[in-house]
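Okay, here's what each chain looks like letter by letter:
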Amino acid sequence: MKPAAPLSPASAIARRDLREFVRDRRAVFITFLLPLIAYPIVALATVLGLRSALEQIDGAQQPLELKLLLTGADAPAVAARLVALRDAPDRTSLKAADGWPSSLGVSIAASVEAAIEEVRAGAADAWVDVPPGTARALQTLGGVGLPLQATSPNIDAEAAIGHLEAVFESLADAIRRERMARLQVPTSVFEPVTLIVAPKTGGGTSVAQASSVISTIASSMLMILTLLTVTGAFHPAADAFAGEKERGTIETLLVAPCGIGEVVWGKFLAVYAVTLATLVANLVAISGTAAVGVQALPENLQGLLTAAPEAAAVLTAVATQVVLAAVAAAACLAITSSLRSLKEAHHALTTVMLAVSVLAAAGLVPMPLPREAIAAMPVAGQVLVARLALTGEPIGLLLPLTILAAVGWCWLLLKATAAALADEDIIFRGPDAASG
């Protein structure tokens, strides 16, 4: 391919192709307006899904108002201990206090049949049978097992069992301390080491949590941004040569007073300009959606996003996307240079999305390759550097490496496009001749 020193023929071809693209309202709508609609819809669905999931989790973790029913001759002794433990002012300082229900009601059934009827009717949430000899065992050094007979169908059985386990573990801990006091054994014998955790202040969030959330959001946004930016090159690249053949104007283009290199360069400038415009539209859509979407997130998730990426990191990520747009434009132009119609070009470019998805995933997920090798790959290198920048990880020489590699890939792809354009069999017979 000849060097494109004189820019006037190439710029004239680029301006001509851009005018043709602007006149195609369908292509303009799909390329520019679709991202502005897609991002808010995706963000709204994500926010609503997060809210629904968090509400379900909060509901599952919310303490229950538990009504416990006891049966057996020694049930009054156990009930008295549970009530005393529940009403003790220092209950929350017990080792197993976490997991208690929001309120605990303790009652005694007259018989097993009455207990069954109360549980079925919902008057009691759980029924525990106290075996004979329990009161004596608790006063001495014995141990007992209290079988849980049934739980009410009106409550979450798993949550109720968790609360019951916490209640009876607290009871066991209180009895254990009483026995140690009677035997004059200090509690430090059984608890030589205790971890003291200071309570959180101000609802702060750990750096690890914030980093995890930001990494997940950055990866999702980069994947969507990459795919939609690459699609911006589809329509102008398909029209660049396949459209010329379909309209019968390829001969006029080839006899124009300019070299093949200038034709390819002009086509590339037009496709690249549209791809960059698509990138700008995507960035505007992401910025606006993020500004509104963050405010719609639950408060606990908003706290995780306080550590937003710095301006330098955002500029680095944008720079990598600008480079990626050039690679996408050159690749789409090379793929469509040997095709005969817009239909064939669009069908061929749909397979590009699969390759772009795989390469983008290679830059987002851990790979058994050094980062330098991934940075030299098309698409994957740009996505990798952008992800590292947004998550605050060190980049080093990866940014200049991925830029130089992208320049090399563009040169090879445009060289292949020029070779296809110079071959009359490929130009006029299409991909059958190109396969040879």
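The structure presented is a predicted model; accordingly, all values stated were derived computationally and were not measured.

The rules behind the values
- Residues numbered from 1 in each chain as written.
- Predicted model: local features only at pLDDT ≥ 70, side-chain atom pairs only at ≥ 80, totals over all residues.
- Heavy atoms only, no water.
- 1 Å grid on protein atoms, 1.4 Å probe; cavity = no way out; pocket = protein on both sides within 12 Å on 5 of 7 lines; lining within 4 Å.
- Points joined across faces, edges and corners; volume = space filled by probe spheres on them.
- Helix = DSSP H or I, 4+ residues; strand = E, 2+ residues; numbered from the N terminus.
- Nonpolar A, V, L, I, M, F, W, Y, C, P; charged D, E, K, R; others polar.
- Polar contact = N/O pair within 3.5 Å; in protein donor to acceptor, adjacent residues only side chain to side chain.
- Axes fitted to C-alpha atoms, helices over the stretch in contact; angles between N-to-C directions.
- Parallel < 35°, antiparallel > 145°, perpendicular 65-115°, else oblique.
- Left-handed = near helix turned anticlockwise from the far one by under 90°.
- Contact = heavy atoms within 4.5 Å.
- pLDDT = per-residue confidence, 0-100.
- Expected span 1.5 Å × (residues − 1).
- Phe/Tyr/Trp six-rings, centres within 6.5 Å; stacked < 30°, edge-to-face > 60°.
- Buried < 20%, exposed > 50% of the residue type's maximum accessible area, 1.4 Å probe, protein only.
- Salt bridge = Lys/Arg side-chain N within 4 Å of Asp/Glu carboxyl O.
- Bend = angle between axes of the 7 residues up to and from the residue.

Asker: Quick question: what am I supposed to make of the layout of surface pockets here?
Answerer: If you roll a probe as big as a water molecule over the atoms, it shows you where there is empty space left. In this structure, the second largest pocket spans a volume of roughly 440 Å³. Lining of the second largest pocket is provided by 21 residues; of these, L138, V144, F168, L171 and A172 occupy positions nearest its centre. In terms of residue count, the dominant contributor to the lining of the second largest pocket is helix 6 (residues 157-182) (ten residues). Residues belonging to the lining of the second largest pocket are distributed by class as follows: 16 nonpolar, two polar and three charged.

Asker: What am I meant to see in the side chain of K267 here?
Answerer: Looking at where K267 falls in the secondary structure, it is placed in helix 10 (residues 260-296). For K267, the side chain forms a polar contact with the side chain of D17, separated by 2.9 Å.

Asker: I'm lost on the packing of helix 8 (residues 234-247) against helix 13 (residues 342-364) in this one. Help?
Answerer: Axes are the key here: two packed helices are described by the angle between their axes and the distance separating the axes. As a packed pair, helix 8 and helix 13 sit with axes 8 Å apart at the nearest point and diverge in direction by 150°. As far as their axial angle goes, helix 13 and helix 8 are roughly antiparallel. The two elements helix 8 and helix 13 meet at a crossing, and its hand is right-handed. On helix 13, the residues touching F234, H235, A238, D239, A242, G243 and E246 of helix 8 are L342, K343, A345, H346, L349, V352 and M353. When grouped by side-chain class, the residues that make up the contact of helix 8 with helix 13 number eight nonpolar, three polar and three charged.

Asker: Mind showing me how you'd approach the confidence of the model for the protein chain here?
Answerer: The predicted model of the protein chain averages 78 in pLDDT, with 76% of residues at 70 or higher. Note that residues 199-210 has pLDDT below 50 and, in this model, five contacts with residues that lie over four places away or in other chains.

Asker: Before we go on, may I ask you to explain helix 6 in this structure?
Answerer: Because an α-helix completes one turn every 3.6 residues, residues spaced three or four positions apart along the sequence face the same direction. When the terminal C-alpha atoms of helix 6 are compared, their 37 Å separation across 26 residues agrees well with the 38 Å that a helix rising 1.5 Å per residue should span. Immediately downstream of helix 6, the backbone of Q184 shows phi near 55°, a positive value.

Asker: Explanation requested: the packing of aromatic side chains in the structure shown.
Answerer: Two numbers describe a pair of aromatic rings. These are the distance of the centres and the angle of the planes. Summed over all chains, the structure comprises two aromatic pairs. With a centroid separation of 5.7 Å and an interplanar angle of 35°, the aromatic rings of W265 and F268 are classed as tilted. Note that W265 and F268 are positioned in helix 10 at a spacing of three residues, about one turn of the helix. Judged by relative accessible area, F268 falls into the buried class, the value being 6%. Judged by centre distance (5.6 Å) and plane angle (15°), the ring pair of F268 and Y272 falls under stacked. A residue pair is termed a helical-turn pair when its members lie 3 or 4 positions apart in one helix, as F268 and Y272 do in helix 10 at four residues.

Asker: What's the story with the pattern of salt bridges in this structure? I'm lost.
Answerer: Between side chains of opposite charge, a pair can form as their charged atoms come close. What the rule picks out here adds up to eleven salt bridges. Across the salt bridge formed by D17 and K267, the nearest N and O atoms sit 2.9 Å from each other. Of this pair, D17 sits in helix 1 (residues 7-23) while K267 sits in helix 10; the two residues are 250 residues apart in sequence, bridging distant segments of the chain. In this structure, D17 and K267 share a single accessibility class: buried.

Asker: How should I be thinking about the side chain of S170 in this particular structure?
Answerer: Looking at the element boundaries, S170 is found in helix 6. Side-chain polar atoms of S170 contact the side chain of W100, separated by 2.8 Å. A polar contact is formed between the side chain of S170 and the backbone oxygen of A166, at a distance of 3.0 Å.

Asker: Would you mind showing me how to read helix 8 here?
Answerer: With 14 residues, helix 8 extends 18 Å between its outermost C-alpha atoms, agreeing within 8% with the 20 Å of an ideal straight helix rising 1.5 Å per residue. Considering bend angle alone, the principal kink of helix 8 is centred on A240 and spans about 45°. Burial runs high along helix 8: twelve of the 14 residues are buried. Buried residues of helix 8: F234, H235, P236, A237, A238, D239, A240, F241, A242, G243, E244 and K245, and no others.

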